[in-house]
Amino acid sequence: MQLSSEQQSMLEGELGGAARQSMEILCALGRIYGARNMVPITSAQVAGVSYKTIGDAGLEYLQDIASAGARVRVPTFLNPAGMDREQWQALKVPPAFAKKQLEILAAFAKMGISSTCTCTPYLVGIRPKLGEHIAWSESSAISFANSVLGARTNREGGPSALAAAICGCTPNYGLHLDENRVANLRVLVDVELKGMSDYGAMGAYAGEAAKGKTPAFIGVKGATEDRLKSLGASMAAWGSTALYFMKGITPEWNVAQGAEEITFGAQELRAMREKMGGDGKPDIIAIGCPHASLSEIEEVAEKVQGKKLATKLWVCTARKTKEAADKAGFTRTIEQAGGNVVADTCMVVCPLEEMGITHAACNSGKAAKYLTNMFKRKVVYGDVEDIVCK
Ligand code: F3S
């Protein structure tokens, strides 16, 4: 691989052991995937933050690399952690878990990483532009950045995104290259998508059908940014889709000649919703996967205003979005109804099982997949008005 003189210095250890180790990771990846060089990145987003996900081995790795002098060179955000840093006691997160989680966050902070823990960095400060190279590792954020913003990132793992953040570059292969940003599956959408949960269901269907292909949607009307974020998250969870196009909506539209074609109509929507959703009384209604935007929080606040909820309600979001919701009075409205606006974490990476929760309702295709796996029971699936106001 061709390296710049600075990248070569990193590899030879002239900029410290942590930079050398990180550059070795990037070079190894580059060799595996046939990259010819590194491409500079403007930001990184690192997954593997919750103690529930990475455990003691992950914590030790982070502490070691932080002590070895690792420092990031580009703005870097974290994926959701295992708890809300300010409300964990009130939300009944076990203290032993919280202690470990705080140690993980301290190790990241030592490396110069922002304390923002979110899967929606593009809503709270890092919003890459068309053609910008980045190294992100949360699958829903990868999908949004590639598809809705037209930025370029591969599906990084936590360690490779961290290595890229430390070196300020990533191997130039995969979705960084024009030739790989081509759709090879046309999805003809022949049904009206009524709400967020329909977008999640279509994402689940397309994710499963794509089997590694890149979908291009034709015929979607009324796709807001919030709906696209839900669609991409679901596609990434039910398949492994990191890039999609939507005719007239996404900044890129590049479809291969002779691409396979499938239809997503009323029948497919119904079947997918049946597959995703179960019944029964949930212990928690979980909104905000990916992390809720301010307008999604506003929608929940409007729906619960003046009510007393019989079921625990969490609206998960980024800290900065929560601060905006606090200012707008949405948090207070939700709290008065008995719910919580929860920052820094989400329903999947916090220790819900340890908190005695075994059944959930949600409006997200991605959360439906993960919570069903977690609880071994299908979630109650629907839009906010169906699951919150039931
Ligand atoms: Fe984000 Fe957690 Fe969903 S990381 S995409 S809210 S599973």
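The preceding data block contains the structure.
Computed from a predicted model, the values in this text were never measured in an experiment.

Caption draft 1: Representation of the environment of His291 within the structure. In this fold, His291 is placed in strand 10 (residues 284-292). Sequence separation between His291 and Leu29 is 262 residues, and the spatial gap between their C-alpha atoms is 30 Å. Of note is the side chain of His291, whose polar atom sits 2.7 Å from the backbone oxygen of Thr345.

Caption draft 2: Up close: the sheet that holds strand 3 (residues 76-78). With respect to topology, three strands assemble into an open sheet ordered 3-2-4, the strand pairing being parallel. At either margin of the open sheet sits one strand with a lone partner, and together these are strand 3 and strand 4 (135-136). Sheet analysis places strand 2 (residues 44-46) next to strand 4, joined by two bridges and oriented parallel. The residue bridging Ala44 from the neighbouring strand is Ala135, located in strand 4. On the sheet, helix 6 (residues 158-167) packs against strand 2, strand 3 and strand 4 and is oriented at approximately 145° with respect to strand 2.

Caption draft 3: Just the state of the cysteines, in detail. As enumerated under the stated definition, the model contains zero disulfides in all. Just so you know, Cys117 is unpaired, no disulfide at all, and the nearest cysteine sulfur is the one on Cys119, 11 Å from it. Judged by relative accessible area, Cys117 falls into the buried class, the value being 2%. Cys316 carries a free sulfur, and the closest cysteine sulfur to it, the one in Cys346, is 6.0 Å from it.

Caption draft 4: Structural context of the nonpolar core. Grouped together as the largest cluster of nonpolar side chains are 114 residues, with contacts concentrated most on Phe217 and Leu352. The biggest single contributor to this core is helix 6, with seven residues. When sequence neighbours within four positions are dropped, the list of residues in contact with Leu352 reads Ile284, Trp314, Met347, Ile357, Met374 and Phe375. Membership of the second largest hydrophobic core comes to 20 residues, among which are Ile285, Ala292, Ile334 and Ile387.

Caption draft 5: The arrangement of the site of the ligand in detail. Contacts to the ligand come from Pro80, Cys119, Glu138, Ser140, Gly288, Cys289, Pro290, Cys346, Val348 and Lys366. Judged by the proximity of its atoms to the pocket grid, the ligand belongs to the largest pocket. Taken together, the residues that form the shell around the ligand break down as six nonpolar, two polar and two charged. Among the domains, domain 1 (5-178) and domain 3 (277-387) are the pair contributing at least three residues each to the shell around the ligand.

Caption draft 6: Empty space enclosed by the protein, seen in detail. Taken as a whole, this structure holds one cavity of 30 Å³ or more when the rule is applied. A volume near 50 Å³ is recorded for the largest cavity. Together, Met196, Lys229, Ser230, Gly288, Cys289, Pro290, Glu296, Asn363 and Ser364 line the largest cavity. Elements that contribute at least two residues to the lining of the largest cavity include exactly helix 8 (225-238) and strand 10. For the lining of the largest cavity, the element with the most residues is strand 10, which contributes three residues.

Caption draft 7: Spatial organisation of the pairing of strand 12 (residues 340-343). Along strand 12, one buried face is formed by Asn340 and Val342 and the opposite face, lined by Val341 and Ala343, is buried too. Bridge count for strand 11 (residues 312-317) against strand 12 is four bridges, and the pairing is parallel. Bridge pairing in strand 12 links Val315 to Val341.

Parameters and conventions
- Residues numbered from 1 in each chain as written.
- Predicted model: local features only at pLDDT ≥ 70, side-chain atom pairs only at ≥ 80, totals over all residues.
- Heavy atoms only, no water.
- Helix = DSSP H or I, 4+ residues; strand = E, 2+ residues; numbered from the N terminus.
- Polar contact = N/O pair within 3.5 Å; in protein donor to acceptor, adjacent residues only side chain to side chain.
- Pairing = 2+ DSSP bridges.
- Contact = heavy atoms within 4.5 Å.
- Axes fitted to C-alpha atoms, helices over the stretch in contact; angles between N-to-C directions.
- Disulfide = S-S within 2.5 Å.
- Buried < 20%, exposed > 50% of the residue type's maximum accessible area, 1.4 Å probe, protein only.
- Core = buried A, V, L, I, M, F, W, Y, C linked by side-chain atoms within 4.5 Å.
- Near = heavy atom within 4 Å.
- 1 Å grid on protein atoms, 1.4 Å probe; cavity = no way out; pocket = protein on both sides within 12 Å on 5 of 7 lines; lining within 4 Å.
- Sits in = over half its atoms within 2 Å of the grid points.
- Nonpolar A, V, L, I, M, F, W, Y, C, P; charged D, E, K, R; others polar.
- Domains from an automatic or database assignment.
- Points joined across faces, edges and corners; volume = space filled by probe spheres on them.

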